[in-house]
Amino acid sequence: MDRLDAMSLFVATVEAGSLSAAARRAGVPLATVSRKLTDLEKHLKTRLLNRSTRRLTLTDAGQSYLAACRRILDEVSEAERTAAGEYSSPTGELVITAPVVFGRLHVLPVITAFLAIYPQVDIRLTLSDRITQLAEEHIDLAVRIGELQGSAMVAIRVGSIRRLVCASPAYLAMHGTPEKPQDLAGHNGVTFEGLAAPATWSFGSGKTETTVPVRSRLQVNTAEAAIDAAIAGLGLTKVLSYQADAAVRAGTLRVVLESFEPPPWPVSLVHAGQGRLPVKLRAFLDFAAPRLKERLARSL
């Protein structure tokens, strides 16, 4: 029995939640996964998983063995990267995740410039607004927007973004410009469900925080759609500054209620930071951090 292979399948099964999902992830038949896990349990003379038709659960022995497997597999992976020269020169694949629009507008141009300089590094970029788990999903680096609550990750702050309200000049000319949040009661809203509750918008923070109702004439699920509708004159919308940056600079949207905006959200590069960083990751951090800071400093 190849114990490292069996350990990997055991960890994959726990992380995937089922034998079939682990088999798909590993690209092997389901029967192979089941047989290797059974052989592993026979070798250890203990049960690691309780199997039922609905789900898998770890036994007490399985819990402790899972932690040991992850540690051993990490050490083997570390040794392989060292032997392959990953700690001596930038080489190999980097897995990076970033929010969809921010990633397209800011992260992708930085990655393109980085790859032109480091031909031995490949990057897999996943654009998603879902909060990913770096260790579980084998991600080297994440771009995060917002406060990092209780995170054990290492974070490098590269700037901040605003949550702003804007509308087209034509809409404001017809309906008037709101001077305070309470004025929104007389306005139409284009609400973006990914940023805030559609029915209410919040301004300020702490003791000065104000929450006001908004009449949503249109509710959408992407910032691009909200911005397009606002440009068309449908109403006021609340989006992130980088999402509206191009429209504001072009004059098709105007920012209102700036003095009531909540505090900006930080933008950070986040990584696990355990042990020595591979040179490919260190090189990307050194390259990307100042460039993202410059790009964000130029935005709204």
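Residues numbered from 1 in each chain as written. Predicted model: local features only at pLDDT ≥ 70, side-chain atom pairs only at ≥ 80, totals over all residues. Heavy atoms only, no water.

Considering the overall build of the protein
Alright, step 1. Looking only at helices and strands, the protein features 9 helices and 14 strands.
Alright, step 2. Since a compact globule built from 300 residues should have a radius of gyration of about 19 Å, the 25 Å found for the protein marks it as more spread out than a globular shape.
Alright, step 3. The principal-axis extents of the C-alpha atoms in the protein amount to approximately 75 × 50 × 35 Å.
Alright, step 4. The buried share among the 300 residues of the protein stands at 41%.
Alright, step 5. Of all intrachain contacts in the protein linking residues separated by at least 6 positions in sequence, the fraction that spans at least 24 positions is 73%.
Alright, step 6. As displayed, the protein has an accessible area near 15700 Å², and 51% of this comes from carbon and sulfur atoms. (Helix = DSSP H or I, 4+ residues; strand = E, 2+ residues; numbered from the N terminus. Rg over C-alpha atoms; globule rule 2.2 N^0.38 Å. Buried < 20%, exposed > 50% of the residue type's maximum accessible area, 1.4 Å probe, protein only. Contact = heavy atoms within 4.5 Å. Areas by Shrake-Rupley, 256 points an atom, 1.4 Å probe, with all protein chains shown as cover.)

Digging into the pairing of strand β10 (residues 210-213)
Alright, step 1. Relative to β10, strand β9 (residues 200-203) runs antiparallel, the two being bridged by 4 bridges. Note on β10: the bridge partner recorded for W201 is V212.
Alright, step 2. Between the antiparallel neighbours β9 and β10 lie 6 residues, among them G204 with a positive phi of about 65 degrees. (Pairing = 2+ DSSP bridges.)

As for the sheet that holds strand β3 (residues 92-98)
Alright, step 1. On the basis of which strands lie adjacent, the open sheet formed by 5 strands has the order β4-β3-β5-β14-β6 and mixed pairing. Of all the strands in the sheet, just β4 (121-127) and β6 (154-161) have a single pairing partner and so form its edges. The average angle at which neighbouring strand axes cross in this sheet is 20 degrees, direction not considered.
Alright, step 2. Pairing of strand β5 (residues 141-145) with strand β14 (residues 265-271) involves 4 bridges; the strand directions are antiparallel. Counted as the bridge partner of R144 is S268 from β14.
Alright, step 3. Those strands touched by helix α9 (residues 279-298) are β3, β4, β5, β6 and β14, and its axis lies near 20 degrees from that of β6. (Axes fitted to C-alpha atoms, helices over the stretch in contact; angles between N-to-C directions.)

Examining the sheet that holds strand β11 (residues 215-220)
Alright, step 1. Across the sheet, 5 strands lie side by side as β11-β8-β12-β7-β13; this open sheet has mixed pairing. Of all strands in the sheet, those bounded by a partner on one side alone are β11 and β13 (254-256). On average, each strand axis in the sheet is inclined to that of its neighbour by 40 degrees, with strand direction left out of account.
Alright, step 2. Of the strand pairs in this sheet, strand β8 (residues 188-192) and strand β12 (residues 236-240) are connected by 2 bridges, and their pairing is parallel. Bridge pairing in β12 links V190 to T237.
Alright, step 3. Contacting β7 (163-167), β8, β12 and β13, helix α8 (residues 241-250) runs over the sheet at an angle of about 120 degrees to β12.

Focus: the side chain of T97
Alright, step 1. Tracing the chain through its elements places T97 in strand β3.
Alright, step 2. Residue class for T97 comes out buried when judged on its relative accessible area of 4%.
Alright, step 3. Side-chain polar atoms of T97 contact the backbone oxygen of T126, separated by 3.1 Å.
Alright, step 4. Discounting residues that sit within four places of it in the chain, T97 has contacts with T126, T132, I139, L141, A142 and V143. (Polar contact = N/O pair within 3.5 Å; in protein donor to acceptor, adjacent residues only side chain to side chain.)

Considerations on the packing of helix α7 (residues 223-231) against α8
Alright, step 1. Interhelical geometry of α7 versus α8 gives an angle of 30 degrees and a closest axis separation of 10 Å. The pairing of α7 with α8 is recorded here as roughly parallel in orientation. In the crossing of α7 with α8, the sense of the turn from one axis to the other is right-handed. Across the interface between the two elements, A223, I227 and I231 of α7 pack against Q243, A244 and A247 of α8.
Alright, step 2. Grouping the constituent residues of the contact of α7 with α8 by class yields 5 nonpolar, 1 polar and no charged. (Parallel < 35°, antiparallel > 145°, perpendicular 65-115°, else oblique. Left-handed = near helix turned anticlockwise from the far one by under 90°. Nonpolar A, V, L, I, M, F, W, Y, C, P; charged D, E, K, R; others polar.)

Quick word on the nonpolar core
Alright, step 1. Ranked by internal contacts, the top residues of the largest apolar core, which has 28 residues, are I123, L269 and F284.
Alright, step 2. Elements with a contribution of two residues or more to this core: β3, α5 (100-117), β4, β5, β6, β14 and α9.
Alright, step 3. Looking at which element gives the most residues to this core, the answer is α9, with 9 residues.
Alright, step 4. Among the nonpolar cores identified, the runner-up in size contains 16 residues, and L164, C166, F192 and V248 belong to it. (Core = buried A, V, L, I, M, F, W, Y, C linked by side-chain atoms within 4.5 Å.)

Fair warning: the whole summary comes from geometry, so function is off the table for now.
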